[in-house]
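# Analysis of the macromolecular model
Here is how the chains run, residue by residue.
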Amino acid sequence: MTILLTFMLGLSAALAAAAFYWKYLADEATVAFDLADFSTAKKRLQLSLPFGLAIDCCLVRQNYVSCSLLACDLAFFFFLSLLATSDAFENSYLTVLLLPPLVLAFSRHLFLPLNPAGALSALLLLFLLAGLAFLEKMGSGDVWFYAIIAAALSPLAATRTLLAGCLLCLLVNFTDWRLHEPLPFLPYLFIGLGIQALIF
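Structure report, in brief.

Rules behind the numbers
- Residues numbered from 1 in each chain as written.
- Predicted model: local features only at pLDDT ≥ 70, side-chain atom pairs only at ≥ 80, totals over all residues.
- Heavy atoms only, no water.
- Helix = DSSP H or I, 4+ residues; strand = E, 2+ residues; numbered from the N terminus.
- Buried < 20%, exposed > 50% of the residue type's maximum accessible area, 1.4 Å probe, protein only.
- Contact = heavy atoms within 4.5 Å.
- Core = buried A, V, L, I, M, F, W, Y, C linked by side-chain atoms within 4.5 Å.
- Polar contact = N/O pair within 3.5 Å; in protein donor to acceptor, adjacent residues only side chain to side chain.
- Expected span 1.5 Å × (residues − 1).

### Some words on the overall build of the chain
Secondary structure summary: the chain contains nine helices and zero strands in total. For the chain, the α and β elements follow one another from N to C terminus as α-α-α-α-α-α-α-α-α. Every one of the 200 residues in the chain was classed for burial, and the buried ones make up 42%. Taking all contacts inside the chain whose residues are at least 6 apart in sequence as the whole, residues at least 24 apart take part in 73%.

Structure, rendered in structure tokens:
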């Protein structure tokens, strides 16, 4: 029963993020095209299902003794899903959307102690990612996402998320030789977050 409830909560958070994106943030031309094409609901579900499963994996790993922490985590994952949805369709997101997950990331530590495991390696990796973003080899949004995961969960979880996201991106795009085109990496990072929560 608890797993079913967790699944419903995770999927609801991802669907709510997709609905919010299409209602308020999506480019007008994109929305008009998708509505004319009658595939908007299908596209929402295609993204929301893996995002919802990623959220579920993260929620199941926590032993919630406080409804406040659960509410904080649901809001946190809602905003992460919103960032990933926006990146999937536009290869970018509004910078202001970073503020709520950053605040929520630190708010989690009102309920849980900070886990510093892997902090040094994660910090070095963060500088490496920032350098790649500066050279325009990687989006700065991906670097912020990594930093938010490190602040909210743990530096080690952020590093595992990055590795899982990279492997997933390689597997999905292995046969696509148009890799000179920019790829939205945030969806892979978000699903990688769920994979690392499931495995570790």
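### Quick look at unusual backbone geometry
Positioned with a positive phi, asparagine 91 is a non-glycine residue whose angle comes to about 60°. Examined against the element boundaries, asparagine 91 turns out to sit in the loop between helix 4 (67-90) and helix 5 (99-107). The class for asparagine 91 is partly exposed, based on a relative accessible area of 38%. If you check the backbone angles, glutamate 136 has positive phi at about 60° while not being a glycine. Summarising the element assignment, glutamate 136 is placed in the loop between helix 6 (119-134) and helix 7 (140-152).

### Focus on the nonpolar core
Residues Phe76, Phe77, Leu80, Ile149, Phe190 and Leu193 are the most contacted members of the largest nonpolar core, which totals 52 residues. Counting residues per element, the ones that place at least two in this core are helix 1 (2-25), helix 3 (40-60), helix 4, helix 5, helix 6, helix 7, helix 8 (155-172) and helix 9 (186-199). When residues of this core are assigned to their parent elements, the largest contribution, nine residues, is made by helix 4. Apart from residues lying up to four places away in sequence, leucine 193 is in contact with Cys58, Phe77, Leu80, Ile149, Leu153 and Thr161.

### Overview of the environment of leucine 114
Inspection of the secondary structure assignment puts leucine 114 in the loop between helix 5 and helix 6. Once the C-alpha coordinates of leucine 114 and alanine 150 are considered, the two residues, 36 residues apart in sequence, prove to be 9.9 Å apart. Setting aside chain neighbours within four positions, we find leucine 114 in contact with His109 and Ala151.

### Quick word on the environment of alanine 158
Along the chain, alanine 158 falls in helix 8. Given a relative accessible area of 1%, alanine 158 falls into the buried group. Beyond its immediate chain neighbours, meaning those up to four positions away, alanine 158 contacts Tyr146, Ile149 and Ala150.

### Structural notes on the side chain of arginine 108
As for its position among the elements, arginine 108 is in the loop between helix 5 and helix 6. Here the side chain of arginine 108 touches aspartate 73 through a polar contact of 2.6 Å, side chain to side chain. Apart from residues lying up to four places away in sequence, arginine 108 is in contact with Gln62, Leu69, Cys72, Asp73, Ala152 and Leu153.

### Let's talk about the side chain of serine 81
Checked against the element boundaries, serine 81 lands in helix 4. With residues near it in sequence (within four places) discarded, serine 81 still touches Ala14, Ala17, Phe51, Ile55 and Phe190.

### Notes on helix 9
In a regular helix each residue adds 1.5 Å, so 14 residues correspond to 20 Å; helix 9 covers 20 Å between its end C-alpha atoms and thus fits that length. Burial analysis of helix 9 places 10 of its 14 residues in the buried class, the great majority of the element. Considered for burial, the residues of helix 9 that qualify are Leu186, Pro187, Tyr188, Leu189, Phe190, Gly192, Leu193, Gly194, Gln196 and Ala197.

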